[in-house]
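Chains, contacts and geometry: an overview
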Amino acid sequence: MDFITENLLTILILLPAFGAISVLGHQMFWKKDEQAKWVTLFWVILNFVLSLLLLGSHAVSASGFSFEKNIPWIKAINTNYHVGVDGLSIWLVILTTFIMPIAVLSTWHAVEKRHTAFYVFLLLLESAMLGVFTSLDLLVFYLFFEASLVPMFFLIGIWGGENRIYAAVKFFIFTALGSLLMLVAIIALYYLQASATGVGSFDYVVLLNSMQAGKLVLAGGTGALLFLAFALAFSIKVPLFPFHTWLPDAHTEAPTAGSVILAAVLLKMGTYGIMRFCFTLFPEASHEWAWLFIILAIIGIIYGALVAMVQPDIKRLVAYSSVAHMGFVVLGMFSFTEYGMQGALYQMLNHGVSTGALFLLVGFIYERRHTRAITEYGGLASVMPVYTAIFIFTTMSSIGLPFLNGFVGEFLTMVGMWQSTAVSHPWVATMFAGTGVIFAAVYLLWMVQRVFFGKVTNPKNKKLSDLNWRELGLIAPLLFLMIFMGVYPSPFLNRSKESVVAIEERLNKRAGGTIEKVEAKTQTHESGH
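Residues numbered from 1 in each chain as written. Predicted model: local features only at pLDDT ≥ 70, side-chain atom pairs only at ≥ 80, totals over all residues. Heavy atoms only, no water.

Remarks on the overall build of the protein chain
Scanning the protein chain from N- to C-terminus turns up 23 helices and two strands. By the compact-globule yardstick of 24 Å for 529 residues, the protein chain fits well, its C-alpha radius of gyration being 23 Å. Expressed along its principal axes, the backbone C-alpha trace of the protein chain runs to roughly 85 × 55 × 40 Å. Taking all 529 residues of the protein chain together, 60% fall into the buried category. In the protein chain, of all internal contacts separated by at least 6 residues, the share reaching a separation of at least 24 is 80%. Only carbon and sulfur atoms are counted for the fraction: they give 68% of the accessible area of the protein chain, which is about 20,800 Å². Computed over 31 positive and 29 negative side-chain charges, the separation of the two mean positions in the protein chain equals 9 Å. (Helix = DSSP H or I, 4+ residues; strand = E, 2+ residues; numbered from the N terminus. Rg over C-alpha atoms; globule rule 2.2 N^0.38 Å. Buried < 20%, exposed > 50% of the residue type's maximum accessible area, 1.4 Å probe, protein only. Contact = heavy atoms within 4.5 Å. Areas by Shrake-Rupley, 256 points an atom, 1.4 Å probe, with all protein chains shown as cover. Lys, Arg positive; Asp, Glu negative; His and termini not counted. Charge placed at Lys NZ, Arg CZ, Asp CG, Glu CD.)

Considerations on the pairing of strand β1 (residues 66-74)
Relative to strand β2 (residues 79-85), β1 runs antiparallel, the two being bridged by six bridges. When the sheet's bridge partners are listed, Ile74 is paired in β2 with Thr79. Hairpin geometry of β1 and β2 is characterised by an intervening segment of four residues between the two adjacent antiparallel strands and by a positive phi of about 55° at Asn78. (Pairing = 2+ DSSP bridges.)

A look at the confidence of the model for the protein chain
Within the protein chain, residue pLDDT values average 88, and 95% of them lie at 70 or more. Across residues 514-529, where pLDDT falls below 50, the model places one contact with residues more than four positions away in sequence or in other chains. (pLDDT = per-residue confidence, 0-100.)

Side note on the side chain of Ser499
Tracing the sequence through the fold places Ser499 in helix α23 (residues 490-528). Other than its neighbours up to four places away in sequence, Ser499 contacts Asp86, Gly87 and Leu88.

Quick look at the pattern of salt bridges
Under the defined criterion, the tally for this structure stands at seven salt bridges. Put simply, Arg316 and Asp249 hold a salt bridge, and the shortest N to O gap is 3.3 Å. Here Asp249 lies in helix α11 (residues 246-253) and Arg316 lies in helix α16 (residues 314-333), a separation of 67 residues in the sequence. In this structure Arg316 comes out as partly exposed when scored by relative accessible area, which is 22%. Residue class for Asp249 comes out buried when judged on its relative accessible area of 13%. Across the pair Asp313 and Arg372 runs a salt bridge, and its minimum N-O distance is 3.5 Å. Of the two residues, Asp313 sits in the loop between α15 (290-309) and α16 while Arg372 sits in the loop between α17 (338-369) and α18 (380-383), which places them 59 residues apart along the sequence. Pair check on accessibility: Asp313 and Arg372 agree, each one buried. Each of Lys170, Asp249 and Arg316 takes part in a single network of salt bridges with overlapping partners. (Salt bridge = Lys/Arg side-chain N within 4 Å of Asp/Glu carboxyl O.)

Some thoughts on the nonpolar core
A general feature of soluble globular proteins is that nonpolar side chains tend to end up buried together. Core analysis: the biggest nonpolar cluster contains 190 residues, and Leu54, Phe230, Phe279, Leu281, Phe334 and Leu478 have the highest contact counts within it. Sort the elements by how many residues they give to this core and α17 lands first, with 15 residues. Dropping the residues within four chain positions of it, Phe279 is found in contact with Ile274, Ser286, Met333, Phe334, Phe336, Met341, Ile503 and Leu507. (Core = buried A, V, L, I, M, F, W, Y, C linked by side-chain atoms within 4.5 Å.)

Examining the pairing of β2
Burial analysis of β2 places seven of its seven residues in the buried class, the great majority of the element. Of the two faces of β2, the one lined by Thr79, Tyr81, Val83 and Val85 and the one lined by Asn80, His82 and Gly84 are each fully buried.

Describing the packing of aromatic side chains
Counted by the stated rule, this structure contains 38 aromatic pairs. Judged by centre distance (5.8 Å) and plane angle (55°), the rings of Phe334 and Phe336 are tilted. We classify Phe334 as buried; its relative accessible area is 1%. Phe336 gets classed as buried once you look at its relative accessible area, which sits at 4%. Note on Phe484 and Phe492: the rings are 6.1 Å apart at their centroids and 70° apart in plane angle, and the pair reads as edge-to-face. Here Phe492 falls in the buried class, since its relative accessible area comes to 10%. Among the aromatic side chains, those forming a connected cluster through ring pairs are Phe65, Phe141, Phe145, Tyr204, Phe230, Phe234, Phe277 and Phe282. (Phe/Tyr/Trp six-rings, centres within 6.5 Å; stacked < 30°, edge-to-face > 60°.)

Describing a nonpolar patch on the surface
A cluster of nonpolar side chains, namely Ile165, Val169, Ile173, Leu177 and Leu180, defines an oily patch on the protein surface of about 440 Å² accessible area. You can see Ile165 is positioned in helix α8 (residues 164-197). Note on Ile165: relative accessible area 54%, which makes it exposed. (Patch = residues over 30% accessible without salt bridge, like charges linked within 9 Å, V, L, I, M, F, W, Y side chains within 5 Å.)

Here it is, written out as structure tokens:
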């Protein structure tokens, strides 16, 4: 047991990759392609169970991380395999391992070709995503960040819809090109560290310690350029307006499992990266450019909602709702307040649960009718009452109904933004963002009205079967979390509080120090005259 605890993060990262090898081996020796789903399900459930050990008590290192492992990897460039979790990443790791069994089960009857390859890519994707949320070496983080693109590219490109090639290529080009700028910034950090201390390093903790000691200074134009390089890569991944155009296509064409993982986990890699790296390594630049990200977040919230209103495709409507919801996350982060950043982190989890559930539900109806056009439906409440009730409940969660999970995240985000000093007149930003909640109710409830109520006008809908036990079992854990996280958010918020407060203090301390220096120089200049 001690071995598992000491190497838990490494086991969580490598277990799905080992599972992928076992799926390939099963196919080679037993030649039963369709049984790959059972082997995959075993590995993802095992990984989820092991990830729950992260919630147990464990010593926190001096750097503030638990379950830390730091082993030299490429000594020539001083790169280490350095992993660890804190309050910022622990829930994202568990969200990843939690959503994977649901994603696998959602494909039970949906995958009709190349079963082995499909499940191998799913398992490799899980390994890469877990590597992103646990890596504390910037080069290793970048490798995992890029590695996550490849499995999703093939999942969309091979098992997606009619325009799958276009969507897959667009997804890959957008995210890969943005990441190249981050790679340049990571290399620049290495040489800046070498210039400041004599020894270059990609290690996040080492870089922070050098900054705190005053050796490494990432302010002024250099800090701004490095911040923008990181922020661009992460903004594309979120995606933040105007870098969002790849998302609706990717969501619409991806298979159900791909859409669920994309919404629940992959988008969070962007917002996590901003909080983990941009805010802590470049606090001055974060303050300097906060106004721009707040404006883009508000535009994304309103634009995403308005475009969602006019979508004729249910899945595409939910995809544009993601643009709006992730705008709330970015808004909360750049408030630089405890409430705002806690709300942003909570909204990351909420979005994974609620929007993941919506994509699952859209997948259920698509398997029955093979169409997602809103005009093809109507009156489903009389044909599929259980499905209707669950869909409406999930919709209320996405809207942010009190006592459901969405309300907590959006409320904390807006309270934090109202109290923010990042911009002048923060109440104006809060009020504009608040309209997104109203618009969300409009586009989601209007969609519900057209799909579920009225008369059954299409004969093909009259004999649709309601949810079966497998589908009910898939959606049940998500429904439970919607209620639990809405009624009792304390376990989640308490676990992340210390890390969020540390980021807030670092942001305010570094920015405050810069302001004081500027004021001192100004006073000296004036006294000289």
